[in-house]
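# Fold and contact review
Each chain, written out:
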Amino acid sequence: MSIKNEPLIRISKRDGMATWKSWAVRIIALLLSLIIDAIIIYAIAGLNPLSVYKSMFDGVFGTNRRMWAWIRDMMMLLCIGVGLAPAFKMRFWNIGAEGQILAGGIAAAACMIYLGSGAVPNWLLLIIMAAASLVAGAVWGMIPSIFKAKWNTNETLFTLMMNYIAIQFTSFFIPFWEHPAGSNTVGTINSANKMGWFPSLFGQMYGLNVLIVVVLTVAMFIYLKYSKHGYEIGVVGESENTARYAGINVKTVVVRSMTISGAICGLAGFLAVAGADHSISVNTSGGRGFIAIIVAWMAKFNTLVMILISALIVFLEKGAIAIASQFQLSNDVSDILTGVILFFILGSEFFINYKLKFSFEHREGSKK
Amino acid sequence: MTQFISLFTTAVRFGSVIMFGAMGEVLTEKSGQLNLGVPGIMYLGGICGLIGSFLYELHSPAPSGTVGMIIALVCALAASALGGLVYSFITISLRANQNVTGLTLTIFGSGIANFFGASLNKMAGGVGQISVALTSRAFRWTQPLTDGLGVVDKLLFNYGFMAYLAVALAILLSWVLNRTSVGLNLRAVGENPATADAAGINVTKYKYMATCIGAAISGLGGLYYVMDYINGTWANDGNIEALGWLAVALVIFATWKPARTIWGAYLFGALYWLYNFIPGLNRSSQEIFKMLPYIVTMIVLISVSLRHKREDQPPMSLGLPYFREER
């Protein structure tokens, strides 16, 4: 080929990058995105970005109470990410976490309301609620997977539709459960006797949230990495044909993994209702089902890495809300900042997976 | 009869919003790009059109509705195309995952829109609700020629110009996709980019163009919603996001055919608002009725996968990245 036709930049795949290098790339991307965010903050509010980042830090870690709110929300996001891991590792695009969370949330809230008069002790009620939300989420996740397994129905779009069915169901139940009457909101459930609320653990209000999610995270890590099921999920994700050739029943794996995925997302709904909000609304999932997809994807389905990423994202969210209230801006500024950071981190993967070669560099080994 | 007229006109106005969103996404998906950022793009189109005309009405000594309208259109088109460009760069050039990037674009777009929607007034030094009365009136202007036609006028000729623009664009898009060589090439890229590449089609260029133009069209949906559907105001109620997802659903319902988005959009509008016209519904049961568009979409999705009719299938490489050196 003549040099004239040589493109300016040539892209080739890397064989693999040292772990420290790949993390360096991600950290550089993160720093770049923070610079862009700083510019945005300056442009919008004319504030010194450094002092803004400082007040962000104070806003999240300033008091014990704020820090626990951060931990609580991080655990919630992590739980959903853990739930999505088996589905995504299988390359099953479960965009339906929002709906699965709501399905679990509705089930938990229903138990809380109808069994919360003291008929059963609190520990038993919590177990019933957890079981109900697991089942509800599992059903919500299983429906699209059955169609996927049987007729190869597009799961991305199917799970997306299931979200809206769940939202409408939530709105359907709210008038039955509303309190006070006519408010069209459920209000705090069992505020008097605190039935179905998480008891404090180790003296911490959100101790139980942490315990449940950490156990789940470690269990899912082991399940995906060391169990036969986890191996099958990995093979199906790499290539369905290979899986079939190896004698794996792809349909069973798809339905089973999606049921597990939905069940854990349903449990996240239980965490939200019993362990945080003590109420239910269409905002119980609050877009976290979508953000968790990004968490799961960036962590490459490694649930332990998800801890880091959800910690970062919730920090940004909480921090941005803190600066927003301090400087009297709208809370939505957090979505802008998070969006920019996610764009950069997503883009940075390219530089980890590919090598750029400029045509003006001397060409050794260009015949590869 | 008045009930029917009311349902029909509501359905058309509601449908026009999602028709823009869905048409743009059809164009994008025809190139193999599954852009889940449609809600974010509609947000960008809506808010930037609003900001442009708001600043114009605020600062111009004698603002005119027509100028405001042009400014709003230009701002909306530019902002949503820019959103599409960011998405294209990350997914096409940097080869990141399309679904995740699209979702991020939705988060980003809704952040921008709701942030400025909530604080624009304060930043501009005003008080109260943002409103662009003049521009909105220009958007909602209806031609007076057919006023004497009674019911026919009410049903067919009583909408702002963008409702007709939506239909015209859908027909134009349908023609481009099915009757021109550009459309043929575009479909080839979406079906099998490797073959298209081998045939000498510039895959990257087609993907970029389809995504950016598609985004610009989707953004008009947000603009129509803001200027016409809610009369030139802003509310941080998440409606645009819900409509954006409904537009994604409409793409499936229309089985990736722009012409089919026309009646599909009106049908969705009618289904969505049907609960208003059925007597005896309470607050609870009307929510079940609002599920209808989604349930209908699910049924279409299932039947498309069941029947395997070739012309109803999504583009073959939809959602898959294309790297020339990977086979």
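## Side note on the overall build of chain B
Looking only at helices and strands, one finds 14 helices and 0 strands in chain B. Computed over C-alpha atoms, the radius of gyration of chain B comes to 20 Å, within 12% of the 20 Å expected from 2.2 N^0.38 for 327 residues, which places it in the range of a compact globule. Overall, chain B is about 60 × 45 × 40 Å in size when its C-alpha atoms are taken along their principal axes. A burial count over chain B gives 51% of its 327 residues as buried. In chain B, 80% of the contacts between residues at least 6 apart in sequence involve partners at least 24 apart.

## As for the interface of chain A and chain B
Every contact between the two is made by 37 residues of chain A and, on the other side, 39 residues of chain B. Mapped onto the side of chain A that touches chain B, the elements with two or more residues apiece are α5 (122–151), α6 (155–177), α11 (288–298) and α13 (333–353) of chain A. Of the residues forming the side of chain A that touches chain B, the biggest block, 12 residues, is contributed by α6(A). Partitioning the side of chain A that touches chain B into residue classes produces 23 nonpolar, 10 polar and 4 charged.

## Quick word on the pairing of strand β2 (residues 354–358) of chain A
All names here are of chain A. Burial within β2 is sparse, with just 0 of its 5 residues counted as buried. Where strand β1 (residues 9–13) and β2 come together, 5 bridges link them in antiparallel fashion. Bridge pairing in β2 places Ile 11 opposite Leu 356.

## Comments concerning the environment of A:Ile260
Residues and elements named next belong to chain A. Positionally, Ile 260 belongs in helix α10 (residues 250–277). Taking the C-beta count within 10 Å as the criterion, Ile 260 has 23 such neighbours and is therefore assigned buried. In sequence terms Ile 260 and Arg 10 are 250 residues apart; their C-alpha atoms lie 43 Å from each other.

## Side note on helix α1 (residues 19–45) of chain A
All names here are of chain A. Between its first and last C-alpha, α1 extends 38 Å over 27 residues, near the 39 Å set by a 1.5 Å rise per residue. Restricting attention to buried positions, one finds in α1 the residues Ala 29, Ser 33, Asp 37 and Ile 41. Of the surrounding elements, those touching the buried residues of α1 are α2 (49–61) and α13. After α1 finishes, the residue Gly 46 shows a positive phi value of roughly 65 degrees.

## Considering the nonpolar core
In this structure, A:Cys79, A:Ile293, A:Val295, A:Ala296 and B:Leu250 are the most contacted members of the largest nonpolar core, which totals 215 residues. Here this core spans two domains, and each of domain 1 (1–47 + 327–368) and domain 2 (70–313) of chain A adds at least three residues to it. Apart from the residues within four sequence positions on either side, A:Ala296 is in contact with A:Gly81, A:Leu84, A:Ala85, A:Phe88, A:Phe301 and A:Met306.

## Remarks on the environment of B:Leu292
Inspection of the secondary structure puts B:Leu292 in helix α14 (residues 292–307). Discounting residues that sit within four places of it in the chain, B:Leu292 has contacts with B:Leu271 and B:Leu274.

## Some details on the packing of helix α4 (residues 97–114) of chain A against α6(A)
Residues and elements named next belong to chain A. Where α4 contacts α6, the two axes come as close as 8 Å, and the packing angle between them is 20 degrees. In terms of axis orientation, α4 runs roughly parallel to α6. Relative to α6, α4 is oriented so that their crossing is left-handed. Counting all contacts with α4, which are made through Glu 98, Gly 99, Leu 102, Ala 103, Ile 106, Ala 109 and Ile 113, the residues of α6 involved are Met 162, Asn 163, Ile 165, Ala 166, Ile 167, Phe 169, Thr 170, Phe 173 and Trp 177. Residues belonging to the contact of α4 with α6 are distributed by class as follows: 12 nonpolar, 3 polar and 1 charged.

## What about α10(A)?
All names here are of chain A. Given a rise of 1.5 Å per residue, 28 residues ought to cover 40 Å, and the 39 Å separating the end C-alpha atoms of α10 matches this to within 8%. If you look at α10, its biggest bend is around 25 degrees, right at Leu 271. In terms of residue burial, α10 counts as a mostly covered element, since 21 of its 28 residues are buried. Within two residues after α10, His 278 carries a phi angle of roughly 55 degrees, on the positive side.

## Thoughts on the environment of B:Cys75
Residue and element names in this part refer to chain B. Counting through the fold element by element, Cys 75 comes out in helix α3 (residues 65–93). The class of Cys 75 is buried, set by 23 C-beta atoms lying within 10 Å. Considering only alpha carbons, one finds Cys 75 and Ile 47, 28 residues apart in sequence, at a separation of 9.1 Å. Setting aside chain neighbours within four positions, we find Cys 75 in contact with Cys 48, Gly 49, Ile 51 and Gly 52.

## Remarks on the domain arrangement of chain A
Taken domain by domain, chain A holds domain 1 (1–47 + 327–368) and domain 2 (70–313). For domain 1 of chain A versus domain 2 of chain A, the distance between C-alpha centres works out to 32 Å.

## Section: unusual backbone geometry
Residues and elements named next belong to chain A. Non-glycine residue Arg 91 carries a positive phi angle of around 60 degrees. For Arg 91, the location among the structural elements is in the loop between α3 (64–89) and α4. If you check the backbone angles, Phe 301 has positive phi at about 65 degrees while not being a glycine. Locating Phe 301 in the fold gives a position in the loop between α11 and α12 (303–326). Given 25 C-beta atoms within a 10 Å radius, Phe 301 is considered buried.

What counts and what doesn't
Residues numbered from 1 in each chain as written. Chains lettered and ligands numbered in written order. Predicted model: local features only at pLDDT ≥ 70, side-chain atom pairs only at ≥ 80, totals over all residues. Helix = DSSP H or I, 4+ residues; strand = E, 2+ residues; numbered from the N terminus. Rg over C-alpha atoms; globule rule 2.2 N^0.38 Å. Buried ≥ 20, exposed ≤ 12 C-beta atoms within 10 Å, placed from the backbone. Contact = placed C-beta atoms within 7 Å. Nonpolar A, V, L, I, M, F, W, Y, C, P; charged D, E, K, R; others polar. Pairing = 2+ DSSP bridges. Expected span 1.5 Å × (residues − 1). Core = buried A, V, L, I, M, F, W, Y, C linked by C-beta atoms within 7 Å. Domains from an automatic or database assignment. Axes fitted to C-alpha atoms, helices over the stretch in contact; angles between N-to-C directions. Parallel < 35°, antiparallel > 145°, perpendicular 65-115°, else oblique. Left-handed = near helix turned anticlockwise from the far one by under 90°. Bend = angle between axes of the 7 residues up to and from the residue.

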